[in-house]
Number of protein chains: 2
Amino acid sequence: MAGTRKLPTRDELRVWRDFVETTEALRGSLAGRLQGDTGLSTGDYTVLLALSEADGGRLRSSDLAVRIGWERSRLSHHLGRMERRGLIRREECATDSRGAEVVLTPEGNDAFRAATVPHLRAVRELFVDALTPAQLAAAGEIAAALREHLGRA
Amino acid sequence: MAGTRKLPTRDELRVWRDFVETTEALRGSLAGRLQGDTGLSTGDYTVLLALSEADGGRLRSSDLAVRIGWERSRLSHHLGRMERRGLIRREECATDSRGAEVVLTPEGNDAFRAATVPHLRAVRELFVDALTPAQLAAAGEIAAALREHLGRA
DNA sequence: CCTCCCTGATTGACACGTCAACGATATGAC
DNA sequence: GTCATATCGTTGACGTGTCAATCAGGGAGG
């Protein structure tokens, strides 16, 4: 074998392309539904979900970034857009003057609560209902395997 | 049952989140490698691949858009960026004065040829090698099921 | 106290994607 | 030939994501 790392076969490549294109289309479809039903982007939803689960609907910006797995600059940009729309507010942090606290506004809370059922329904319709129970389980295992492999690289 | 469309269970939702987050991370990882190894984005690669497979390395803009499944405006913006970098050229179309032909430049061809092996290797390492043969097959079936379901909705 | 360094968060520049509007040309009905 | 309509491609506005730079405030060691 002379130490070669082989390239993917034609079939493997086809699976890869199908997989990527389909997951992208799925994500787009979900995002479009969420946007259409509720006026929120998936990013908005992610942020609002984390805030609504937090004590007092408020979190340190950094903690929020960790919880949702975003880079800080991404979060900062996104919070700027959400603040302009009144979904969240930023306050100074009492215990660390560098810090900022992100606070869920009543409007943000309303928007989130109005969005959750339609969003979950869409997840069911577009993802869960598309797969057999065995396929759903396999999807979970595939995700785990990919993630574990990614973690090593 | 009273006609209710149930929401996803906790387990189904967990699979969904794992699946989305992992595929997103995978896509990001691949894109980062391609960018680092070759200076191309995945969009660049897609366009260059289609052009390099076309007769004479040239395609009508609309045909190119259809082949790679992009909206025309997306393609137009992307071609503008690629043209600035000398990867492609736009020429007027002889048979239809509205049209434009996209032409692969020598630089674009070189960039693509230099990119293909590293990119395929990355696909193998990050995707194919992460999965057992059974999981790979399941991934293909899952993609097919999702796509077919999406097509109906 | 005063460096030096680390961390929290923001900013600016830029790539990328979508949507809606637009200008120009083709095309078919008449 | 003329006009309505459809198609081709571009553009502008804006949301989104990454990277590198920046600024301000902690905190440990002298």
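If you're wondering where the values come from, they're calculated on a predicted model, not measured in any experiment. (Residues numbered from 1 in each chain as written. Chains lettered and ligands numbered in written order. Predicted model: local features only at pLDDT ≥ 70, side-chain atom pairs only at ≥ 80, totals over all residues. Heavy atoms only, no water.)

Colleague: When you look at the UniProt feature "domain: HTH marR-type" (unreviewed entry) in chain A in this model, what are you seeing that I'm missing?
Modeller: Taken from the UniProt record, the annotation "domain: HTH marR-type" (unreviewed entry) applies to residues 12-148 of chain A. Split by type, residues 12-148 of chain A is 71% helix and 9% strand. Its first and last C-alpha atoms lie 20 Å apart. (UniProt positions renumbered as here; feature names shortened; annotations may be inferred. Helix = DSSP H or I, 4+ residues; strand = E, 2+ residues; numbered from the N terminus.)

Colleague: What's the story with the protein's contact with DNA strand D in this structure? I'm lost.
Modeller: The environment of DNA strand D is formed by 21 residues, the closest being Ser73 and Arg81 of chain A together with Ser62, His77 and Arg98 of chain B. At the protein interface, 58% of the atoms of DNA strand D within 4 Å belong to sugar or phosphate. A distance of 2.6 Å separates a phosphate oxygen of DNA strand D from a polar atom in the side chain of Arg81 of chain A. Between Ala100 of chain B and DNA strand D, the recorded distance is 2.9 Å, taken from a backbone N or O atom to a phosphate oxygen. Contributions of two or more residues to the surface near DNA strand D are made by α4 (72-84) of chain A together with α3 (61-68) and α4 (72-84) of chain B. (Near = heavy atom within 4 Å. Polar contact = N/O pair within 3.5 Å; in protein donor to acceptor, adjacent residues only side chain to side chain.)

Colleague: How should the sheet that holds strand β3 (residues 100-104) of chain B be read in this particular structure?
Modeller: Across a sheet, strands are paired by hydrogen bonds formed along the backbone, either parallel or antiparallel in direction. All names here are of chain B. The sheet built from three strands is open, its strands ordered β1-β3-β2 with antiparallel pairing. Because the sheet does not close on itself, it has two edges, and the strands there are β1 (58-60) and β2 (88-92). For this sheet, the mean angle separating the axes of adjacent strands, direction not counted, is 25°. By the bridge criterion, three bridges tie β1 to β3 in an arrangement that is antiparallel. Directly across from Leu59, in β3, lies its bridge partner Val102. (Pairing = 2+ DSSP bridges. Axes fitted to C-alpha atoms, helices over the stretch in contact; angles between N-to-C directions.)

Colleague: Would you explain the side chain of His149 of chain A in this entry?
Modeller: Within the secondary structure layout, His149 of chain A lies in helix α6 (residues 133-152). Among the residues examined, His149 of chain A registers a relative accessible area of 18% and is labelled buried. Beyond its immediate stretch of four places on either side in the chain, His149 of chain A contacts Glu125, Leu126, Asp129 and Ala130 of chain B. (Buried < 20%, exposed > 50% of the residue type's maximum accessible area, 1.4 Å probe, protein only. Contact = heavy atoms within 4.5 Å.)

Colleague: Please clarify how the relation of the copies chain A and chain B should be interpreted in this entry.
Modeller: Both copies of the chain are related through a single rotation about an axis accompanied by a shift along the same axis. Aligned on chain B, chain A shows an RMSD of 0.1 Å; the corresponding rotation is 180° and the shift along the axis is 0.1 Å. Expressed as an axis order, the relation between the two copies is that of a two-fold axis. Counting the interface residues of chain A, we find that 98% of their copies in chain B are interface residues as well, pointing to one common contact surface. (Least-squares fit on C-alpha atoms with pLDDT ≥ 70 in both.)

Colleague: Sorry, what's going on with the pattern of salt bridges here?
Modeller: Opposite charge on two side chains allows them to pair when their charged atoms are near. Inspection of every chain in the model, using the stated rule, returns 30 salt bridges over all chains. Across the pair Glu24 of chain A and Arg27 of chain B runs a salt bridge whose closest N-O atoms are separated by 3.4 Å. On the criterion of chain membership, the pair formed by Glu24 of chain A in helix α1 (residues 10-38) and Arg27 of chain B in helix α1 (residues 10-38) is interchain, its members lying in two chains. Assessed through its relative accessible area of 24%, Arg27 of chain B is described here as partly exposed. The shortest N-O distance in the salt bridge between Asp96 of chain A and Arg60 of chain A comes to 3.9 Å. (Salt bridge = Lys/Arg side-chain N within 4 Å of Asp/Glu carboxyl O.)

Colleague: Explain the environment of Arg72 of chain B here, please?
Modeller: Residues and elements named next belong to chain B. Along the chain, the position of Arg72 falls in helix α4. Judged by its relative accessible area of 58%, Arg72 falls in the exposed class. Only 3.0 Å separates the side chain of Arg72 from the side chain of Ser62, close enough to count as a polar contact.

Colleague: I tried to follow the packing of helix α2 (residues 42-53) of chain B against α4 of chain B on my own but got confused; where do I start?
Modeller: Helix-helix packing is characterised by the crossing angle of the two axes and by the distance between the axes. Residues and elements named next belong to chain B. In contact at an axis separation of 11 Å, α2 and α4 are set at 95° when each is read in the N-to-C sense. In terms of their interaxial angle, α2 and α4 are classed as roughly perpendicular. Contact residues: α2 offers Gly43, Asp44, Val47 and Leu48, while α4 offers Leu75, His78, Leu79 and Met82. A class-by-class count of the residues in the contact of α2 with α4 yields five nonpolar, two polar and one charged. (Parallel < 35°, antiparallel > 145°, perpendicular 65-115°, else oblique. Nonpolar A, V, L, I, M, F, W, Y, C, P; charged D, E, K, R; others polar.)

Colleague: Help me out: how do you make sense of the sheet that holds strand β2 (residues 88-92) of chain A in this one?
Modeller: Residue and element names in this part refer to chain A. In space, the three strands of this open sheet follow the order β1-β3-β2, with antiparallel pairing throughout. What marks the edges here is a single partner per strand, and that holds for β1 (58-60) and β2. For this sheet, the mean angle separating the axes of adjacent strands, direction not counted, is 25°. Running at roughly 115° to β2, α4 makes contact with β2 and β3 (100-104) of the sheet.

Colleague: Which parts of the structure should I look at to understand the nonpolar core?
Modeller: Inside soluble globular proteins, nonpolar side chains tend to come together where they are buried. By size, the foremost hydrophobic cluster in this structure holds 40 residues, and its most contacted members are Phe127 of chain A together with Phe127 of chain B. Elements supplying a minimum of two residues to this core: α1, α5 (106-126) and α6 of chain A together with α1, α5 (106-126) and α6 (133-152) of chain B. Filtering out sequence-adjacent residues up to four positions away, Phe127 of chain B remains in contact with Val15, Trp16, Phe19 and Leu146 of chain A together with Leu26, Ala122 and Leu136 of chain B. Among the nonpolar cores identified, the runner-up in size contains 25 residues, and Leu34, Leu48, Leu59 and Ala111 of chain A belong to it. (Core = buried A, V, L, I, M, F, W, Y, C linked by side-chain atoms within 4.5 Å.)

Colleague: Where do I start with the layout of surface pockets in this structure?
Modeller: To find the voids left in a structure, one rolls a probe of water-molecule size over its atoms. Each pocket or cavity is described by its volume, and for the largest pocket that value is around 1000 Å³. Around the largest pocket, the lining is made up of 30 residues, and of these Arg17, Val20 and Glu21 of chain A together with Thr42 and Thr46 of chain B lie nearest the centre. For the lining of the largest pocket, the element with the highest residue contribution is α1 of chain A, accounting for nine residues. Partitioning the lining of the largest pocket into residue classes produces 15 nonpolar, seven polar and eight charged. Quantified by volume, the second largest pocket comes out at close to 880 Å³. When contributions to the lining of the second largest pocket are tallied by element, the ones reaching two or more residues are α1, α2 (42-53), α3 (61-68) and α5 of chain A together with α1 of chain B. (1 Å grid on protein atoms, 1.4 Å probe; cavity = no way out; pocket = protein on both sides within 12 Å on 5 of 7 lines; lining within 4 Å. Points joined across faces, edges and corners; volume = space filled by probe spheres on them.)

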